[in-house]
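These are the residues of each chain, in order.
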Amino acid sequence: MTATRPPASITAASPRRRRRGRRTGLPVALVLPAVLGLAFLVVPLLGLVIAAPWDTLFARITSPTVLTALQLSLTTASLATVVCLVLGIPLAWLLARSDLPGSSFLRALVTVPLVLPPVVGGVALLLVLGRNGLIGQYLEAWFGFSLPFTTAGVVVAEAFVAMPFLVIAVDGALRGADRRFEDAAATLGASRWLIFRRVTLPMVAPGIAAGAVLCWARALGEFGATITFAGNFPGETQTMPLAVYLALETDPEAAIVLSLVLLAVSILVLASMRDKWISPNAA
Amino acid sequence: MSLHAQIAVERSSRFTLELDLVAERGETVALLGPNGAGKSTGLRVLAGLLALSKGRIELDGLVLDDAAAGTFVPAERRPVGMVFQDYLLFPHLSVLENVAFGLRARGMDRHDARRRAGKWLERVGIGQYARTKPGRLSGGQAQRVALARALVTDPRLLLLDEPLSALDATTRLEVRSELRHHLVDFPGTTVLVTHDPLDAMVLADRLLVIEDGQVVQQGTPTEIAHAPRTDYVAQLVGVNLYRGTSRGTAVELACGGTLTTSTARDGDVFVAVAPTAVTLHRDQPHGSARNTWPVQVRGLEGRGTTTRVQLTGRPDVLVDVTPAAVADLDLTPGSSVWASLKATEIRSYPA
């Protein structure tokens, strides 16, 4: 606090440094929390990278435990994404295109799993699809088929949590698409199904792709619903996030390595979205 | 065989389109009107993209829409081709696939559809762009693709929604004359929507002028150009239009002033005066012209080789003069001059 130094605000406002017609002075009240926020998001990830046992990294990544969990995670997340695409695109179309009176209520319903704690989702799935559940008892009785604590159960849990991401992305793309192209197709003699297949779908493809990537990433990171509904059996239902949690108690270094792998996958996903789908004029 | 349409569409409590449209095969009818007049709504109804609130549409004996009987043939089952305002070519399909789309949708196999589409592309003169994506085409090329796409299925009714409005002036001239050729060759009925009087005059056999959802005037381009009946039409065809009461050859104008014509009439009349028929003078003229009156310059607007002068007086009048006359008469806003007009240059017709 020296008297000779001018206050910072005067320096910032001096005419020489000011760009034409624009304020450049950044208020400290905003900058400080902004920097703190950035650090809060980045520092833990940096910590992960710094704490990683780099010398034994390769050996650990290629260990059977990690590879099994990774393979299971990738398979179930991809299957869950396929389920979400098959069910979610028609659902999004219904929300965006039909003039149902309750479509805004339906839209709200679809977003519930988005804000619901995943554990609650897992409990709900157990109640409905569990051995004694509303639907599960009939699956068991009629087909001898039970979902909980199986790999299929993992897919169901992941799809339940991840589908809203896809539906919201595709719904948005559909509502943003120029419906006059569909009119044009109709005047050319195309039925609604053909219009959907040959005009609507290709035109919202970037939205579907973005939604699918978000959906897949969410499925890959799923923890709460999975452990509640499908349990934690290595090779069968123990996905990467579950393996990380378990390893943290027994072998912290392994947890770090698993986390690094998930971080790398996330960054890869983000990068691929930037290149292909976020730019507006994607080919 | 032909198109018979009594169209009534309620878009809101304040706006209703009411339009009776009869057109023969081979005929081109233009719906001409300002933006928001309801022209495009009329086309959407004919295409089957919108249902009638009241009325009936019959094409070659086939009922497409009958509000009272509950009949409605949806767009995909109407024998209709449509060219949209900004063409709406499918951006993810090649030019050839765009044109083949309608044939494929109607069940033609891929090979035949492509061959037929290719022929149409040749016919509209853009065969070399078959494999191009529409995004890479110029406006004029896109317009041709849109036309080929609409005509390839041999529709009985062709609908054109502002087919030239997206083009620049030079391209427009060229595409307009091409389009005219295709319309002459087209055996079915064409309904064209435009707000450009020149497009309507060149392309259409008959014009329906629509304002606020109502037909205010209809006739051949010549009839409309010679005897406009609303200010909008008068503005479109570029004449001064007055309403008045005629006794013999003297017409008392509703806006003030009197004009003497060469044809005697009695009762309410319209009086049309071409802007080139009026001459301007520095002092009161004493020639043969029957009508002279003092006017004041309100504004000047250059239009290529002529200048349009807006004048206030009894009556107000638009006059086209040469730039030399502007200089000679020292025409600037506010300056006072005399207007003169021969009785034989005035057209009057019953209101």
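The structure this text deals with has already been given above.
So, how was this worked out
Just so you know, the residues in each chain are numbered from 1, in the order the chain's sequence is written. Following the order in which they are written, the chains are lettered starting with A and the ligands numbered starting with 1. Note on the predicted model: pLDDT of at least 70 is required for a residue's local features to be given, and 80 or more for side-chain atom pairs to be given and counted; whole-chain, interface and lining totals, by contrast, use all residues. The basis for every side-chain value is the complete set of non-hydrogen atoms in the structure, without hydrogens or water. For the purposes of this entry, the term helix denotes a DSSP run of H or I that reaches at least four residues, the term strand denotes a run of E that reaches at least two, and both are numbered from the N terminus. Classification of residues uses two cut-offs on accessible area relative to the type maximum, computed with a 1.4 Å probe and protein chains only: under 20% is buried, over 50% is exposed, and between them is partly exposed. Under the convention used here, a 1.4 Å probe and the Shrake-Rupley method define accessible areas, while residue burial counts only the protein chains that appear. Cysteine sulfur atoms are paired as a disulfide whenever they fall within 2.5 Å. Two strands form a pair only when DSSP identifies at least two bridges running between them. Here, axes are lines fitted to C-alpha atoms. For helices the fit covers the stretch in contact, and angles between N-to-C directions go from 0 to 180 degrees. In this analysis, the protein atoms alone were mapped onto a 1 Å grid. Cavities are point sets where a 1.4 Å probe fits without being able to get out; pockets are open sets with protein on both sides within 12 Å along at least five of seven lines; lining residues have an atom within 4 Å of a point. Grid points are joined across faces, edges and corners, and a volume is the space filled by probe spheres set on the points. The residue classification treats Ala, Val, Leu, Ile, Met, Phe, Trp, Tyr, Cys and Pro as nonpolar and Asp, Glu, Lys and Arg as charged. All others, Gly included, are polar. The nonpolar core is taken to be a set of buried Ala, Val, Leu, Ile, Met, Phe, Trp, Tyr and Cys residues, with the residues joined through side-chain atoms within 4.5 Å. By the convention used here, residues are in contact when the closest approach between their heavy atoms is within 4.5 Å.

A. Just the overall build of chain A, in detail. A tally of helices and strands in chain A yields 14 helices and zero strands. In sequence order, the secondary structure elements of chain A are arranged as α-α-α-α-α-α-α-α-α-α-α-α-α-α. Per-residue burial for chain A yields a buried fraction of 38% across its 283 residues. Approximately 16800 Å² of chain A is accessible, and the part contributed by carbon and sulfur atoms is 70%.

B. Structural context of the state of the cysteines. By the definition in use, this model includes zero disulfides over all chains. Free cysteine Cys-84 of chain A: the closest other cysteine sulfur is in Cys-215 of chain A, separated by 3.5 Å.

C. Broad picture of the sheet that holds strand E13 (residues 258-273) of chain B. All names here are of chain B. Read from one edge of the open sheet, three strands run E12-E13-E19, paired in antiparallel fashion. The two strands at the open ends of the sheet, each matched to only one other strand, are strand E12 (240-253) and strand E19 (346-350). Each strand of the sheet is rotated relative to its neighbour by a mean of 40 degrees, with strand direction disregarded. The pairing of E12 with E13 spans 12 bridges and is classified as antiparallel. Within the sheet, the bridge partner assigned to Arg-243 lies in E13 and is Phe-270.

D. Representation of the layout of surface pockets within the structure. Residue and element names in this part refer to chain B. Its boundaries defined by the atoms lining it, the largest pocket holds a volume of some 570 Å³. In terms of lining residues, the largest pocket is bounded by 23 residues, among which Gln-235, Val-239, Asn-240, Leu-241 and Leu-318 are the most central. When contributions to the lining of the largest pocket are tallied by element, the ones reaching two or more residues are helix H8 (231-237), E12, strand E15 (291-303), strand E16 (306-313) and strand E17 (317-321). Residue composition of the lining of the largest pocket, grouped by class: 10 nonpolar, five polar and eight charged.

E. The nonpolar core, seen in detail. Residues and elements named next belong to chain B. Leu-3, Ile-7, Leu-21, Leu-46, Phe-90, Leu-159 and Val-191 are the most contacted members of the largest nonpolar core, which has 47 residues in total. Those residues in contact with Val-191, other than ones at most four positions away along the chain, are Leu-3, Leu-21, Val-29, Leu-31, Leu-43, Leu-46, Leu-157, Leu-158, Leu-159 and Leu-160. Counting 43 residues, the second largest nonpolar core, distinct from the first, contains Ala-100, Ala-148, Ala-150 and Val-152.

F. Region of interest: the pairing of strand E7 (residues 80-83) of chain B. Residue and element names in this part refer to chain B. Burial of E7 is two-sided: the residues Val-80 and Met-82 facing one way and the residues Gly-81 and Val-83 facing the other way are all buried. Where E7 and strand E8 (residues 157-161) come together, four bridges link them in parallel fashion. Among the inter-strand pairings, Val-80 is bridged to a residue of E8, identified as Leu-157.

G. Molecular detail of the sheet that holds strand E18 (residues 336-341) of chain B. Residue and element names in this part refer to chain B. What the five strands build is an open sheet, ordered E14-E18-E15-E16-E17; its pairing is antiparallel. Here the strands that pair on one side only, and so sit at the sheet edges, are strand E14 (279-281) and E17. The sheet shows a mean angle of 45 degrees between the axes of neighbouring strands, taken without regard to direction.

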